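Summary of structural features
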Amino acid sequence: MTSTSTPAAPGPELLNERSIGGILVHLLSIPTGVVGAGLVSLVATNEFTKRNARNALDWHFTVLALTVLTFGSVFVYAELTEQGITNVVTLSAPIAAGVGLVISALLLVWMIVTTCTFLFGFIATGKAVFGDAWRYPLTPALVERFGSQVEVPGGWPGVIVGYVVIAPLVIGTVFLGPHEGTAVLATVFGMFGLIMVLVPLTGVAMYLHVKRTSAAGTNWKPHLVAYIGAPVLVAVLAYALSGTFTDSINPGGDAMYVFLAAFWVASLTYVLRWRTTLR
């Protein structure tokens, strides 16, 4: 739980042990949080990069837990005091006042921790430049303790199948509704999770699956660049065409939906070709 550091190796050995990924993972994870640090941790092969990614991931897991607790409490408090979307129960004035003080304290802690995320990220980056894998203060070693116990259902292909199944459901909800009450929040969080979490995780799952099957000497040799690059190219073309030939007020949003659809086709093709090849 206390701040510790891995001693730096001297001279030329230090230069060999440092890695660009190990240095930059802390800056990357400031805006991307658990997703950025987690993806680096998954794809990293350099031990220095892995150590730094684990340290960043431990901190951002802690921040994520605090964020969920804080804003989950705010949401529940709003609902129970008739300030939210629904009017389920009304707390008595004394209880509401006490809960309000607790939530105010949580928000203050969250703001302090969020500020520390920037500070600690820059400190860890500086430490990594000099060969130190710096542990963020007051963070439990979650990844080291529980990482080996976490298994992806169905392995990495399961993640890709998950995108194939979930993406149409989320996008369909956006266009077909419902568009009232708490359903709107569910839709927003669904799209956020799809774009910020499931899409990059699916790309990493393809990379790791290709790497694993190649090492096993199978006949499955997909061109991973095509599966990821083609949807990006289609999205760029959609953005250009939307801005040039249509009256769309949000070409960027149009391009994002086109990318999600194209990436869905690529993911489905990947799974079908993989299953067909292994038969």
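Scoring rules and cut-offs
Residues numbered from 1 in each chain as written. Predicted model: local features only at pLDDT ≥ 70, side-chain atom pairs only at ≥ 80, totals over all residues. Heavy atoms only, no water. Helix = DSSP H or I, 4+ residues; strand = E, 2+ residues; numbered from the N terminus. Expected span 1.5 Å × (residues − 1). Buried < 20%, exposed > 50% of the residue type's maximum accessible area, 1.4 Å probe, protein only. Contact = heavy atoms within 4.5 Å. UniProt positions renumbered as here; feature names shortened; annotations may be inferred. Salt bridge = Lys/Arg side-chain N within 4 Å of Asp/Glu carboxyl O. Bend = angle between axes of the 7 residues up to and from the residue. Phe/Tyr/Trp six-rings, centres within 6.5 Å; stacked < 30°, edge-to-face > 60°. Lys NZ or Arg CZ within 6 Å of the ring centre and 35° of its normal.

1. Let's talk about unusual backbone geometry
The phi angle of most residues is negative, glycine excepted, and most peptide bonds adopt the trans form. Even without being a glycine, L138 presents a positive backbone phi close to 60°. Among the structural elements, L138 can be located in the loop between α4 (93–129) and α5 (142–146).

2. A look at α4
The end-to-end C-alpha separation of α4 is 54 Å, in line with the 54 Å expected for 37 residues at 1.5 Å each. Buried within α4 we find A96, G100, I103, L106, V113, T117, F120, G121, A124, T125 and A128. Where α4 is buried, its residues touch α2 (20–43) and α3 (47–80). Immediately downstream of α4, the backbone of G131 shows phi near 90°, a positive value.

3. What about the UniProt feature "transmembrane region" (unreviewed entry) in the protein chain?
Under the feature "transmembrane region" (unreviewed entry), the UniProt entry names residues 20–44, 56–78, 98–125, 155–177, 183–208, 224–243 and 255–272. The span residues 20–44 carries 96% helix and 0% strand; its end-to-end C-alpha distance comes to 11 Å. In residues 155–177, helix accounts for 96% and strand for 0%; the two terminal C-alpha atoms are 32 Å from one another.

4. Remarks on the pattern of salt bridges
On inspection of all chains with the given rule, the structure shows two salt bridges. A salt bridge links D58 to R135; the nearest nitrogen and oxygen atoms lie 3.1 Å apart. With D58 in helix α3 and R135 in the loop between α4 and α5, the pair connects residues that are 77 residues apart, well separated along the chain. Of the two residues examined, D58 and R135, each falls in the buried class.

5. Looking at α2
If you check α2, its first and last C-alpha atoms are just 14 Å apart, much less than what 24 residues at 1.5 Å a residue would give, namely 34 Å. At T32, α2 shows its largest kink, close to 140°.

6. Considerations on the packing of aromatic side chains
All chains considered together, the criterion is met by 10 aromatic pairs. Note on F71 and W110: the rings are 5.0 Å apart at their centroids and 90° apart in plane angle, and the pair reads as edge-to-face. Taken together, the positions of F71 in helix α3 and W110 in helix α4 put the pair 39 residues apart, joining distant regions of the chain. Ring centres 5.8 Å apart and planes at 70° place the aromatic pair F120 and W134 in the edge-to-face group. Note that F120 is positioned in helix α4 and W134 in the loop between α4 and α5, a separation of 14 residues in sequence. Across this residue pair, the class does not change: F120 and W134 are buried. Three or more aromatic residues link up through ring pairs in this structure, and these residues are W59, F120, W134 and Y136. The positively charged end of R275 is found above the aromatic ring belonging to W274, 5.1 Å away from the centroid.

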